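Remarks on the overall topology
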Amino acid sequence: MYFIGYDLGSSSLKTALVDSETGETITVIKTPAEELAIDAPQAGWAEQDPELWWKCICEGTHELLSKTGVTPEAIAGIGIAYQMHGLVTLDAAGHSVRPAIIWCDSRAISIGDQSLEELGETRCQTHLLNVPGNFTASKLRWMQLEEPEAFEKTQTFLLPGDYIAYRLTGKPQTTASGLSEGILWDFQKGEPAYWLLEHWGMPDSLVPEIVPTFGYQAGVNKAGALATGLPEGTPVFYRAGDQPNNAFTLNVLEPGIVAATGGTSGVLYGITDSPEVTELRRFNHFLHVNHTPEHFRIGQLLCINGAGSLYRWLKDQLDVSGYDHMNALAREIPVGSDGLVCFPFGNGAERMLENKSIGASFSGLEFNRHHKGHLCRAALEGIAFAFRYGMELMEASGVPFKTIRAGNDNLFQSDIFTTTLATLGQTTIELFQITGAVGAARACMVEQLGLEETIKRAAGRDYLATVLPAREGAAYQKAYLKWKIELQKTLN
């Protein structure tokens, strides 16, 4: 028997098949072959059609079963990971009212700021552990104010992973962890922040049914079965946002170890057991997947919108064969990129920079000195410098960086990026050959085995390598200091 895990990103869907007893990875496939488009009807907006996500789920499932020869009846359960902070709204017929407003959309920043002023920082700090910011709740409020007709049609809201589960099962559901990522969870009361909806004049009925993160949630219905080829009744056992799921996948469940990703966005995700927070504006606090009222575990997330998105953009502009070619060109350039400085902040407002949109840029460019290799190295260094800047913010709030764990994909396949980050942070980086889709599939094992035994069976299975700080770090520190000085000038 096997479990299927889906990991829905903003650029693609990954679908994994794992053995239900051992957690061994059978295969992982990516859908579609090219990256999903992100629509921007206006500057700072970012939308996707949820129907495209569902199409990828159906195509990915059919391809997975065909490629492996596994019969649909051998699928014992489904786990779902997904891009966080998005907003999907459904009407009375269960159809999406408008395109999904996804994580990197900046339209609701002013609404979040206004809500903070109305609610007061103390209430946000003690109940929400966050400010409303530019997250799902503020996007829902934007829709209420700016698209009243569409809002009136809305019967419930969902996060992207909730929507996938809804299309599979026909049941609109969410989790406490999901509501917390949308800034719609009251940590003090241990329930949805109904008072926030009331403050905005929204009905409580907009909140869908809440199900546990781990365990039976619903079964695939007839429509889901016909579309995917999975048997009717196949259980959905798990759902979580991509970053909490990534942390679970890497066995980051307790304080001291930090999970990282370097895909379209860059993320650092640490764990705390304290309900008290000091930093509200630069990073966020969500219920972690293993949180219970008796076992308080909060995920502390810092997101850099412009990370892999910069490297992808640069690849599209250069006449190169791919990322391996870019990395090879970058290795020919010394640390510091011969004075070329890059800011990777071109994918919407950066919460780490207090929701400022300063854009991406290269500075210090000399036409007779710099070439493709310099652009590639400066981009990798600029992203690593942004990570280090975020680490400093998190360290100042009490998050320890003893070890960083990451999957061996995207930016973490670049030795320039990993060595720069390890050297600046004076921390080791443990790399694992694993993806979030595998973690989502393995999470289904928790239903029968429990969390501890599930982690035990996966421990050490995917370890690949450890990146150590460079022996001589002066050049890295000098380049980072130059970058940070220029950043401060730009911010001021």
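These figures come from a predicted structure and were not determined experimentally. (Residues numbered from 1 in each chain as written. Predicted model: local features only at pLDDT ≥ 70, side-chain atom pairs only at ≥ 80, totals over all residues. Heavy atoms only, no water.)

For the rest of this paragraph, the subject is the overall build of the protein chain. Assigned secondary structure in the protein chain consists of 18 helices and 23 strands. Relative to the compact-globule value of 23 Å for 492 residues, the protein chain shows a C-alpha radius of gyration of 22 Å, a close match. Along the first, second and third principal axes, the C-alpha set of the protein chain runs to 65 × 55 × 45 Å. When each of the 492 residues of the protein chain is scored for burial, the buried share is 61%. Long-range contacts, defined here as pairs at least 24 residues apart, represent 73% of the contacts in the protein chain between residues at least 6 apart. By element, 48% of the accessible surface of the protein chain is carried by carbon and sulfur atoms, the whole surface being about 19000 Å². Put simply, the protein chain has 38 plus and 57 minus side-chain charges, and the middle of one group is 5 Å from the middle of the other. (Helix = DSSP H or I, 4+ residues; strand = E, 2+ residues; numbered from the N terminus. Rg over C-alpha atoms; globule rule 2.2 N^0.38 Å. Buried < 20%, exposed > 50% of the residue type's maximum accessible area, 1.4 Å probe, protein only. Contact = heavy atoms within 4.5 Å. Areas by Shrake-Rupley, 256 points an atom, 1.4 Å probe, with all protein chains shown as cover. Lys, Arg positive; Asp, Glu negative; His and termini not counted. Charge placed at Lys NZ, Arg CZ, Asp CG, Glu CD.)

As a further point, take the sheet that holds strand 1 (residues 2–8). Strand order across the open sheet formed by 6 strands is 3-2-1-5-14-13, with mixed pairing between neighbours. Each edge of the open sheet is held by one strand with a lone partner, namely strand 3 (25–31) and strand 13 (214–219). Here the average twist between neighbouring strands, direction ignored, is 25°. The strands that helix 1 (residues 50–68) touches are strand 1, strand 2 (13–19), strand 3 and strand 5 (75–82); relative to strand 3, the one it contacts most, it runs at about 140°. Contacting strand 1, strand 5, strand 13 and strand 14 (235–241), helix 10 (residues 242–249) crosses the sheet at an angle of about 105° to strand 14. (Pairing = 2+ DSSP bridges. Axes fitted to C-alpha atoms, helices over the stretch in contact; angles between N-to-C directions.)

Once that is clear, we can look at the pattern of salt bridges. Within the structure shown, the criterion is met by 24 salt bridges. With its nearest N and O atoms 3.8 Å apart, the salt bridge here joins Asp338 to Arg369. With Asp338 in the loop between helix 12 (323–331) and strand 19 (341–345) and Arg369 in the loop between strand 20 (359–363) and helix 13 (372–396), the pair connects residues that are 31 residues apart, well separated along the chain. Among the residues examined, Asp338 registers a relative accessible area of 26% and is labelled partly exposed. Among the residues examined, Arg369 registers a relative accessible area of 41% and is labelled partly exposed. The salt bridge partner of Glu392 is Lys484, with a shortest N-O separation of 3.1 Å. Placement of Glu392 in helix 13 and of Lys484 in helix 18 (residues 474–491) is noted, with a sequence separation of 92 residues between them. Given a relative accessible area of 24%, Glu392 falls into the partly exposed group. On the basis of relative accessible area, Lys484 is assigned to the partly exposed category, the value being 22%. Among the ionic contacts, a cluster of salt bridges with common partners joins Glu47, Arg98, Asp105, Arg107 and Glu147. (Salt bridge = Lys/Arg side-chain N within 4 Å of Asp/Glu carboxyl O.)

With respect to topology, 7 strands assemble into an open sheet ordered 17-18-16-15-21-22-23, the strand pairing being mixed. The two strands at the open ends of the sheet, each matched to only one other strand, are strand 17 (284–287) and strand 23 (463–467). This sheet shows a mean twist of 25° between the axes of neighbouring strands, independent of strand direction. Two elements, strand 15 (residues 257–262) and strand 21 (residues 403–407), share 4 bridges in a ladder whose sense is parallel. In the sheet register, Ile257 faces strand 21, and the bridge partner there is Thr403. Against the sheet, helix 13 engages strand 15, strand 16 (266–272), strand 18 (298–304) and strand 21, with an angle of about 20° to strand 16.

Next up on the list: the nonpolar core. Tyr6 and Trp53 are the most contacted members of the largest nonpolar core, which has 97 residues in total. Among the elements that make up this core, the one with the highest residue count is helix 1 (7 residues). Counting 56 residues, the second largest nonpolar core, distinct from the first, contains Leu329, Met391, Val467 and Tyr480. (Core = buried A, V, L, I, M, F, W, Y, C linked by side-chain atoms within 4.5 Å.)

This part covers the side chain of Asp462. Mapped onto the elements of the fold, Asp462 is located in the loop between helix 17 (451–458) and strand 23. Here Asp462 falls in the buried class, since its relative accessible area comes to 11%. The residues touching Asp462, leaving out its near neighbours within four places in the chain, are Leu431, Phe432, Gln433, Ile434 and Arg442.

Of note, Leu449 is situated in helix 16 (residues 446–449). Each C-alpha atom of the pair Leu449 and Ser337 lies 50 Å from the other, and the pair is 112 residues apart in sequence. Not counting residues up to four positions away in its chain, the partners in contact with Leu449 are Thr454 and Arg457.

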